[in-house]
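Reading the structure
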Amino acid sequence: MSFLDEMKKRVLLADGATGTFLQTRGLEPGGCPELMNVENPSAVVEMADGYFSSGSDFVLTNTFGGSPYMLKKYGFEDKVELFNSEGARLAKSVCPKNKFVVGSIGPTGEFIEPLGTVTENEMADGFKRQINGLLDGGVDAIIFETQMAIEELVLGIKTSKEISDIPVIGSMVFDKGPKGFFTMMGVSPEKAANQIYEAGADVVATNCGNGSERMVELAKELKSFSKLPLMIVSNAGIPKLKNKKVIYDETPEYMCENYKMLLDIGVAILGGCCGTTFEHINNCLLYTSDAADEEDSVDLGG
């Protein structure tokens, strides 16, 4: 059973936060999460296994910052293929039958010319290195997540499709201002949905930046524009500073109440971003299971 075939049958449940968990296993503030794929692999395996055991149908690899541009900041630009292949291999090592591993690719931190100094070919070459590492580790799909610039996202999707025929998810971060939802680079949900579709992606998504209540509002808008299945990955609220520590205060019960509304909208994939835990995912499992019982298939269009 392929990732897309399974998604057509029922609502899929993704995993929760990566950074929040790894920080409890020794990742220091400002440290390189991908380094843990080779220096503390047991923590990465524990995380993937914990999410699978909590009900996730797929987990993301610990490779969000695995591009040559991001790894260069730590002096690891020559380890792109290794860190990505190991991140995928570790998640795959505990992946149950009929579940999946999705390769995570976050923002490069650079801008394509003329806004930035990186050429399209240079950025595409960076994507190829990361994607080839993920493919070598055995991922079932790719997600470009937490994206803000549509040019970078489109290039990433097209590059992935040139290399492999595995499914690709395109996910952007939106904030709500006086004129509605936009990414930091001024991309509207309508523009994002259209260009992600035209680039050849298989799923349109939004992650991070919002708590589950705001995600319900955003999902309605994205669903109205999207020709593709919709994935929503919410934070456990907006981060707050308490006793000099950053906290996310949405309880699993509160988040799941909003996730029931997301299911009513027709979201195909639900998951958790910053601040979400095994418990958040496990609580949401009940609702996604109920949705699968009620419907034979997921509405794939807007």
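Between helix α9 (residues 189-199) and helix α10 (residues 212-225), whose axes approach to 9 Å, the crossing angle comes to 45°. One element, α9, and the other, α10, form an angle in the oblique class. Remark: the crossing between α9 and α10 carries right-handed chirality. Between α9, through Pro-189, Glu-190, Ala-193 and Asn-194, and α10, the contact on the second element is made entirely by Leu-218, Glu-221, Leu-222 and Phe-225.

With that settled, the discussion passes to the pattern of salt bridges. Summed over the entire model, instances satisfying the criterion amount to 12 salt bridges. Two residues, Lys-176 and Glu-217, come together in a salt bridge whose shortest N-O distance is 2.3 Å. In this pair, Lys-176 sits in strand β6 (residues 175-177) while Glu-217 sits in helix α10, placing the two residues 41 residues apart along the sequence. With relative accessibility at 39%, the residue Lys-176 sits in the partly exposed group. When salt bridges with common partners are traced through the structure, they connect Glu-6, Lys-9, Arg-10 and Asp-57 into a single cluster.

Our focus in this paragraph is helix α7 (residues 120-137). Here α7 is 18 residues long and its end C-alpha atoms lie 26 Å apart, about the 26 Å a rise of 1.5 Å per residue gives. Looking only at α7, the buried set comprises Met-123, Ala-124, Gly-126, Phe-127, Gln-130, Ile-131, Gly-133, Leu-134 and Gly-137. The inward-facing, buried residues of α7 abut α5 (68-72), α6 (80-92), β3 (100-105), β4 (141-147) and α8 (150-163). Phi turns positive one or two residues past the end of α7, at Gly-138, with a value near 100°.

As a further point, take the layout of surface pockets. Gaps between atoms show up when a probe of the same size as a water molecule is rolled over them. Size it by volume and the largest pocket reaches roughly 1000 Å³. As for the largest pocket, its lining consists of 40 residues, of which Thr-18, Gly-19, Thr-20, Gln-23 and Cys-274 are closest to the centre. Contributions of two or more residues to the lining of the largest pocket are made by α2 (19-23), β4, β9 (230-234) and β11 (245-247). For the lining of the largest pocket, the element with the highest residue contribution is α2, accounting for 4 residues. Its residues assigned to classes, the lining of the largest pocket comprises 18 nonpolar, 16 polar and 6 charged.

Of all 6 residues that make up β3, 6 are buried, and the element is covered over most of its length. Both faces of β3 are covered, namely the face carrying Phe-100, Val-102 and Ser-104 and the face carrying Val-101, Gly-103 and Ile-105. Judged from the 3 bridges that link them, strand β2 (residues 58-60) and β3 form a sheet pairing that is parallel. Residue Val-59 lies in a different strand from β3, and its bridge partner there is Val-101. Judged from the 4 bridges that link them, β3 and β4 form a sheet pairing that is parallel. When the bridges of β4 are listed, Ile-105 appears paired with Phe-144. Remark: the β3/α7/β4 crossover connection has right-handed handedness.

Once that is clear, we can look at the nonpolar core. Grouped together as the largest cluster of nonpolar side chains are 66 residues, with contacts concentrated most on Phe-144, Ile-157, Met-172, Ile-196, Ile-232, Leu-262 and Leu-270. Sequence-distant contacts of Phe-144, that is, excluding residues within four places in its chain, are made with Ile-105, Phe-127, Ile-131, Leu-153, Gly-156, Ile-157, Ser-160, Val-168, Ile-169, Gly-170 and Ser-171.

If you walk through the whole model with that rule in mind, you get 6 aromatic pairs. Look at Phe-3 and Phe-58: their rings are 5.3 Å apart centre to centre, the planes differ by 70°, and that puts the pair in the edge-to-face class. With Phe-3 in helix α1 (residues 3-9) and Phe-58 in strand β2, this pair connects stretches of sequence that are 55 residues apart. On the basis of relative accessibility, which here comes to 2%, the residue Phe-3 falls in the buried class. Judged by relative accessible area, which is 0%, Phe-58 ranks as buried. A centroid spacing of 5.5 Å and a plane angle of 90° characterise the contact between Phe-127 and Phe-144, whose relative ring orientation is edge-to-face. In this pair, Phe-127 is assigned in helix α7 and Phe-144 in strand β4, connecting sequence segments 17 residues apart. Each member of the pair, Phe-127 as well as Phe-144, is classed as buried. Here the aromatic cluster, defined as three or more aromatic residues joined through ring pairs, consists of Phe-3, Phe-58 and Phe-100.

Taken as a whole, this structure holds 1 cavity of 30 Å³ or more when the rule is applied. Listed by contribution, the elements that provide at least two residues to the lining of the largest cavity are α4 (41-54) and β2. Element by element, the count of residues in the lining of the largest cavity is highest for α4, at 4 residues. Grouping the amino acids of the lining of the largest cavity by side-chain chemistry returns 7 nonpolar, 2 polar and 1 charged.

Thresholds, definitions, all that
Residues numbered from 1 in each chain as written. Predicted model: local features only at pLDDT ≥ 70, side-chain atom pairs only at ≥ 80, totals over all residues. Heavy atoms only, no water. Axes fitted to C-alpha atoms, helices over the stretch in contact; angles between N-to-C directions. Helix = DSSP H or I, 4+ residues; strand = E, 2+ residues; numbered from the N terminus. Parallel < 35°, antiparallel > 145°, perpendicular 65-115°, else oblique. Left-handed = near helix turned anticlockwise from the far one by under 90°. Contact = heavy atoms within 4.5 Å. Salt bridge = Lys/Arg side-chain N within 4 Å of Asp/Glu carboxyl O. Buried < 20%, exposed > 50% of the residue type's maximum accessible area, 1.4 Å probe, protein only. Expected span 1.5 Å × (residues − 1). 1 Å grid on protein atoms, 1.4 Å probe; cavity = no way out; pocket = protein on both sides within 12 Å on 5 of 7 lines; lining within 4 Å. Points joined across faces, edges and corners; volume = space filled by probe spheres on them. Nonpolar A, V, L, I, M, F, W, Y, C, P; charged D, E, K, R; others polar. Pairing = 2+ DSSP bridges. Right-handed = clockwise from strand over helix to strand, strands pointing away. Core = buried A, V, L, I, M, F, W, Y, C linked by side-chain atoms within 4.5 Å. Phe/Tyr/Trp six-rings, centres within 6.5 Å; stacked < 30°, edge-to-face > 60°.

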